[in-house]
Protein chains: 2
Amino acid sequence: MKKKTGKQSICFASPPYILETATVAGPMEGEGKLGDTYDKILEDNIHGHESWEQCESFMLRTAIETAAKKSKITIPDIDYILAGDLLNQLMSTHFAIRGLERPFLGLYGACSTFAESLLLGAVLLDGGFGETIAIAVSSLHDTAERQYRFPTELGVQRPPISQWTVTGAGSAILSANGQGPRITAATIGKVVDIGIKDPNAMGPAMAPAAADTLYCHFADTGKQPAYYDMIFTGDLGAIGKQLTIELLQEKGYDISGNYEDCGLMIYFDQQDVHSGASGCASSALAFCGHIYKEMRRGRWKRILLACTGSLHSPVSYQQKESIPCIAHAVAIES
Amino acid sequence: MKKKTGKQSICFASPPYILETATVAGPMEGEGKLGDTYDKILEDNIHGHESWEQCESFMLRTAIETAAKKSKITIPDIDYILAGDLLNQLMSTHFAIRGLERPFLGLYGACSTFAESLLLGAVLLDGGFGETIAIAVSSLHDTAERQYRFPTELGVQRPPISQWTVTGAGSAILSANGQGPRITAATIGKVVDIGIKDPNAMGPAMAPAAADTLYCHFADTGKQPAYYDMIFTGDLGAIGKQLTIELLQEKGYDISGNYEDCGLMIYFDQQDVHSGASGCASSALAFCGHIYKEMRRGRWKRILLACTGSLHSPVSYQQKESIPCIAHAVAIES
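Even after reading the chapter, I still don't get the overall build of chain A, so can you show me in this structure?
Helix and strand counts for chain A stand at 9 helices and 15 strands. The C-alpha radius of gyration of chain A comes to 18 Å, within 12% of the 20 Å expected for a compact globule of 334 residues. A principal-axis box enclosing the C-alpha atoms of chain A has dimensions of 55 × 50 × 35 Å. Out of the 334 residues in chain A, the part that is buried amounts to 63%.

Whenever I open this one, the relation of the copies chain A and chain B confuses me. Can you help?
Between the two copies of this chain, the relationship is a rotation about some axis together with a displacement along it. Mapping chain A onto chain B is achieved by rotating through 180° and translating by 0.0 Å along the same axis, at an RMSD of 0.0 Å. The superposition of one copy onto the other is thereby described by a two-fold rotation axis. Both copies present the same face, since 100% of the interface residues in chain A are matched by interface residues at the equivalent positions in chain B.

Got a minute to help me understand unusual backbone geometry in this structure?
Phi at Lys320(A) is positive, roughly 65°, even though this residue is not glycine. Following the sequence through the fold, Lys320(A) ends up in the loop between helix H9 (314-318) and strand E15 (325-333). Even without a glycine there, the phi angle at Leu90(B) is positive, about 45°. Relative to the assigned elements, Leu90(B) resides in the loop between strand E5 (80-85) and helix H3 (91-97). Taking the number of C-beta atoms within 10 Å as the measure of exposure, Leu90(B) has 25 and is therefore buried.

How should helix H4 (residues 113-126) of chain A be read in this particular structure?
Quick reminder: α-helices carry 3.6 residues per turn. Residues three or four places apart thus point the same way. Residue and element names in this part refer to chain A. The end-to-end C-alpha distance of H4, which contains 14 residues, comes to 19 Å, matching closely the 20 Å that a straight helix rising 1.5 Å per residue would cover. For H4, the tally of buried residues reaches 14 of 14 residues, placing the bulk of the element in the interior. Note on H4: the residue one or two positions beyond its end, Gly128, has a positive phi of about 85°.

Can you help me understand the packing of helix H6 (residues 202-221) of chain B against helix H7 (residues 237-250) of chain B in this one?
Two numbers describe a pair of packed helices, the interaxial angle and the distance between the axes. Residue and element names in this part refer to chain B. As a packed pair, H6 and H7 sit with axes 8 Å apart at the nearest point and diverge in direction by 35°. Crossing hand, H6 versus H7: right-handed. Packed against H6, whose contacting residues are Gly203, Pro204, Met206, Ala207, Pro208, Ala210, Ala211, Leu214 and Tyr215, the element H7 presents Gly237, Ile239, Gly240, Leu243, Thr244, Leu247 and Leu248 at the interface. Here the residues of the contact of H6 with H7 sort into 12 nonpolar, 4 polar and no charged.

It is not clear to me how the environment of Ser282(A) should be interpreted in this structure. Could you clarify?
All names here are of chain A. Turning to its location among the elements, Ser282 is positioned in helix H8 (residues 280-297). Distance from Ser282 to Gly240, taken between C-alpha atoms, is 14 Å for residues 42 residues apart in sequence. When near neighbours in sequence (up to four residues on either side) are disregarded, Ser282 contacts Cys111, Val166, Gly234, Asp235, Cys262, Gly263, Ile266 and Ala277.

Whenever I open this one, the domain arrangement of chain A confuses me. Can you help?
The figure often quoted for interface size is the accessible area lost as the parts come together. Residues and elements named next belong to chain A. For chain A, the assigned domains read domain 1 (4-175) and domain 2 (182-333). Computed from C-alpha coordinates alone, the two centres of domain 1 and domain 2 are separated by 17 Å. Looking at the side of domain 1 that touches domain 2, the elements with two or more residues in it are strand E2 (9-11), strand E3 (17-25), helix H1 (27-30), H4, strand E7 (132-139), helix H5 (141-148), strand E8 (164-165) and strand E9 (168-175). Of the residues forming the side of domain 1 that touches domain 2, the biggest block, 7 residues, is contributed by H4. Along the lines of polarity and charge, the residues of the side of domain 1 that touches domain 2 split into 30 nonpolar, 20 polar and 6 charged.

Please clarify how the confidence of the model for chain A should be interpreted in this entry.
Detailed reading of the predicted model is not advised wherever pLDDT is low. On average, residues of chain A score 97 in pLDDT, and 100% of them are at 70 or above. Both scores are available for the predicted complex, with the pTM at 0.98 and the ipTM at 0.98.

What is the right way to look at the pairing of strand E9 (residues 168-175) of chain B in this model?
Regular strands have side chains that alternate between both faces of the sheet. Residues and elements named next belong to chain B. Of all 8 residues in E9, 8 are buried; the element is thus mostly enclosed. By the alternation rule, side chains of E9 split into Gly168, Gly170, Ala172 and Leu174 and Ala169, Ser171, Ile173 and Ser175, which are all buried. Inspection of the sheet shows strand E3 (residues 17-25) paired to E9 by 8 bridges, in the antiparallel sense. Note on E9: the bridge partner recorded for Ala22 is Ser171. Here strand E7 (residues 132-139) runs beside E9; their pairing, made up of 8 bridges, is antiparallel.

For this particular structure, what's the right way to read the pairing of strand E14 (residues 302-310) of chain B?
Residue and element names in this part refer to chain B. Counting buried positions over the 9 residues of E14 gives 8, a clear majority of the element. Strand direction decides the pairing type here: strand E11 (residues 230-233) and E14, joined by 4 bridges, are parallel. The residue of E14 that forms the bridge with Phe232 is Leu305. One ladder, built from 9 bridges, connects E14 with strand E15 (residues 325-333); its direction is antiparallel. Bridge pairing links Ile303 to Ile332 in E15.

Looking at this structure, I do not really get the interface of chain A and chain B. What am I missing?
Taken together, the contact pairs 49 residues of chain A with 49 residues of chain B. Among the secondary structure elements, those contributing two or more residues to the side of chain A that touches chain B are helix H3 (91-97), strand E6 (104-106), H4 and H9 of chain A. Tallied by class, residues from the side of chain A that touches chain B come to 22 nonpolar, 15 polar and 12 charged.

Which parts of the structure should I look at to understand the environment of Arg149(B)?
Residue and element names in this part refer to chain B. Its location among the elements puts Arg149 in the loop between helix H5 (141-148) and strand E8 (164-165). For Arg149, a count of 17 C-beta atoms within 10 Å gives the class partly exposed. Taking C-alpha positions, Arg149 is 20 Å from Asp193, a pair spaced 44 residues apart along the chain.

Please clarify how the environment of Leu19(A) should be interpreted in this entry.
Residue and element names in this part refer to chain A. Relative to the assigned elements, Leu19 resides in strand E3. Residues Leu19 and Ser71 lie 52 residues apart in sequence; the distance between their C-alpha atoms is 6.0 Å. Residue contacts for Leu19: discarding those within four places in its chain leaves Ser71, Ile173, Ser175, Gly178 and Gly180.

Thresholds, definitions, all that
- Residues numbered from 1 in each chain as written.
- Chains lettered and ligands numbered in written order.
- Predicted model: local features only at pLDDT ≥ 70, side-chain atom pairs only at ≥ 80, totals over all residues.
- Helix = DSSP H or I, 4+ residues; strand = E, 2+ residues; numbered from the N terminus.
- Rg over C-alpha atoms; globule rule 2.2 N^0.38 Å.
- Buried ≥ 20, exposed ≤ 12 C-beta atoms within 10 Å, placed from the backbone.
- Least-squares fit on C-alpha atoms with pLDDT ≥ 70 in both.
- Contact = placed C-beta atoms within 7 Å.
- Expected span 1.5 Å × (residues − 1).
- Axes fitted to C-alpha atoms, helices over the stretch in contact; angles between N-to-C directions.
- Left-handed = near helix turned anticlockwise from the far one by under 90°.
- Nonpolar A, V, L, I, M, F, W, Y, C, P; charged D, E, K, R; others polar.
- Domains from an automatic or database assignment.
- pLDDT = per-residue confidence, 0-100.
- Pairing = 2+ DSSP bridges.

Now the structure itself:
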């Protein structure tokens, strides 16, 4: 079987199973729309640690340990861990993984890292390189804000177009054998940059990357949007979601009837996060908390998850560069 | 064939070929020991660009384009690009990849990224997910110094234990078919942290990770150090190299007769870099410039390359954390 399909897609010969998922969420996320789907909700964003970064590490590690426990495996049963986060040098991830003593591969795709880790985990399993893989990502509002934008103490006013970085971590246990929804295909994104320079406008900046990857997925696999019960993007927010629908309409694909953005699933309107949620944990909480469980319940049989990442850095912004973006998609079917 | 071997290693069923390699180096590297092995040597670390970061992006992209040209393929022939660098949010990589329009996966393993990209590239090819992959990494002395240590204009005195971040980029074209040295095995490292907190002492901090991965490689594969004509580590420098030899001796493996550190191969003693070279480009320049060509010439038939990464961040240092480290190894055989 030819696994590479079309220009950017992979169809797995023996689609790996997602045995279980687990989530740890911040308090604001706990009060949000999907609050009752998370495994653990913290009482604040620091949870007794000395720093927000330590708390983010704790969340990531707890998510992996919880996912392993729910899958009825131990940490030593895990062949490899694939993980990443938004912080410089993947700080949260490395300090979370430090004590786990498992072979580890660090990934960076900004908020697309959740899909990147799912697809590379599936590649390792389908390729016969192992039996069991843990994938995980995290983000924490305060660590991300002070790194990407302003010192958090400043309380800078946010423009209406801005999104709110999700506090949370999500992990999934992938296995070559077992039961559960399976990762059947993936589309690896290109770096797309349409010249947007405002780091508050990440949804509009990422929408062309999302549309490009979704278009490639449909073109490569010959599938129509209706093949999927639902299509999700990672964290485009209200404006980015609408743009993605329009960009795909121009290319002949109508996703308006079965498409939602994870960035619009996390918070209630009255939580005042402006244009929606963002961060690695936007898609991770939505998928590991909600979507995966709905698939297990039988509500959806086939979903397509395209996680979107804004690849700019504070230095690139200061140097007046535009924002390169990427999106990776994974098809998951029961 | 069972590809997972032992606890942390992979033996490839159809070992992918390294068709060609290419390098771009800074002026100081051009004047170093391996200067005559590089494809392009810049006249200074900025090469007419507006920033060091732009120059690093230029180096990375030029390395990929040169490697493709030497392999007699075009950029559209590349199925996937796997790449990374030392900068926050992989800035050099993302801006280098932006115009290439190829499916891209971003990796972060600090200075171990070169081995991480080689091994994941080999996983994709051996698993049947594509035919042709470009991998690349870069580092640039001035971008890394100002991010990790002090503003470069300060001219802060460096302690004798410190190493010098290499300015350079290396790329390799991997292929499921063709000719050239082949990636036969890989060992994926664990995060190892022995509690060192001095970010100048990266060699000693990384040595236990290097020794752990090399030990696992020998234990997993049943091979002795003498199986390899040469064993290389990435950027341990003088002190880290000696420590690695001693740590492996304690575990029953003597590598002292056929082992060198890439960090000691880049510069002449009189170039006054103190304890040796460091950075993603240390192993990338040594391998893509020198080691690969010596293998093609027949001097070495089997080598083991273990790239080492120090996973700390300036924030983790300020928060008084110790330095987590990792090493990934790839076996390459003609």
